[in-house]
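# Notes for the structure review
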Amino acid sequence: MQVKVYGTEQCADTQRTLKQLSGFGVAFAYVDIAKDNRAAQWVREQNGGQLRTPTLEVAGQILSVPDEEELESVLREKGFMA
């Protein structure tokens, strides 16, 4: 699996992103950083010490709180969508 979403259940942006990925039919792994301290630390490392959710890893590319257009563009670029 090459799409990982790091977020929290309470984050509206995370929930929007999960819904968008599901709508596109893109398989992904979800990591709840409220329950995984290592994952939370990784998110901080990717965001200059800030805990920004969702943070995604898409085939090696890191996205922090992407809007719908940015996410769709990267998914197409990486070959997850036609």
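In the block above lies the structure referred to throughout.
Read on for a plain summary of the structure. Here the structure is a predicted model, which is why all the values come from computation and not from measurement.

The geometry of helix H1 (residues 12-24) relative to helix H3 (residues 68-77) is characterised by a closest axis approach of 11 Å and an angle of 40° between their N-to-C directions. Between H1 and H3, the interaxial angle falls into the category oblique. Where H1 crosses over H3, the handedness of that crossing is right-handed. Listed contacts from H3 to Arg16, Thr17, Gln20, Leu21 and Phe24 of H1 are Glu68, Leu71, Glu72 and Leu75. Taken together, the residues that form the contact of H1 with H3 break down as four nonpolar, two polar and three charged.

What follows covers the pattern of salt bridges. A complete count under the given rule lists two salt bridges for this structure. One salt bridge in this structure joins Arg16 and Asp13, with 3.7 Å as the shortest N-O distance. With a gap of three residues between them, Arg16 and Asp13 both fall in helix H1, about one helical turn apart. The salt bridge partner of Arg76 is Glu72, with a shortest N-O separation of 2.8 Å. Of the two residues, Arg76 and Glu72 are both situated in helix H3; the distance of four residues between them amounts to about one turn of the helix. Under the relative-accessibility criterion, Arg76 is labelled partly exposed at 37%. Among the residues examined, Glu72 registers a relative accessible area of 26% and is labelled partly exposed.

Buried within H3 we find Leu71, Val74 and Leu75. What you see down the axis of H3 is that its buried residues fit within an arc of 100°, all on one side. Turned more than 90 degrees from where H3 packs its buried face, Glu69 and Glu77 sit exposed. The N-cap of H3, judged by a side-chain oxygen 3.2 Å from the amide nitrogen of Glu69 a few residues on, is Asp67. Gly79 sits one or two positions beyond H3 and adopts a positive phi of about 85°.

Reading guide: rules and limits
Residues numbered from 1 in each chain as written. Predicted model: local features only at pLDDT ≥ 70, side-chain atom pairs only at ≥ 80, totals over all residues. Heavy atoms only, no water. Axes fitted to C-alpha atoms, helices over the stretch in contact; angles between N-to-C directions. Helix = DSSP H or I, 4+ residues; strand = E, 2+ residues; numbered from the N terminus. Parallel < 35°, antiparallel > 145°, perpendicular 65-115°, else oblique. Left-handed = near helix turned anticlockwise from the far one by under 90°. Contact = heavy atoms within 4.5 Å. Nonpolar A, V, L, I, M, F, W, Y, C, P; charged D, E, K, R; others polar. Salt bridge = Lys/Arg side-chain N within 4 Å of Asp/Glu carboxyl O. Buried < 20%, exposed > 50% of the residue type's maximum accessible area, 1.4 Å probe, protein only. Arc of directions from axis to C-beta. Polar contact = N/O pair within 3.5 Å; in protein donor to acceptor, adjacent residues only side chain to side chain.

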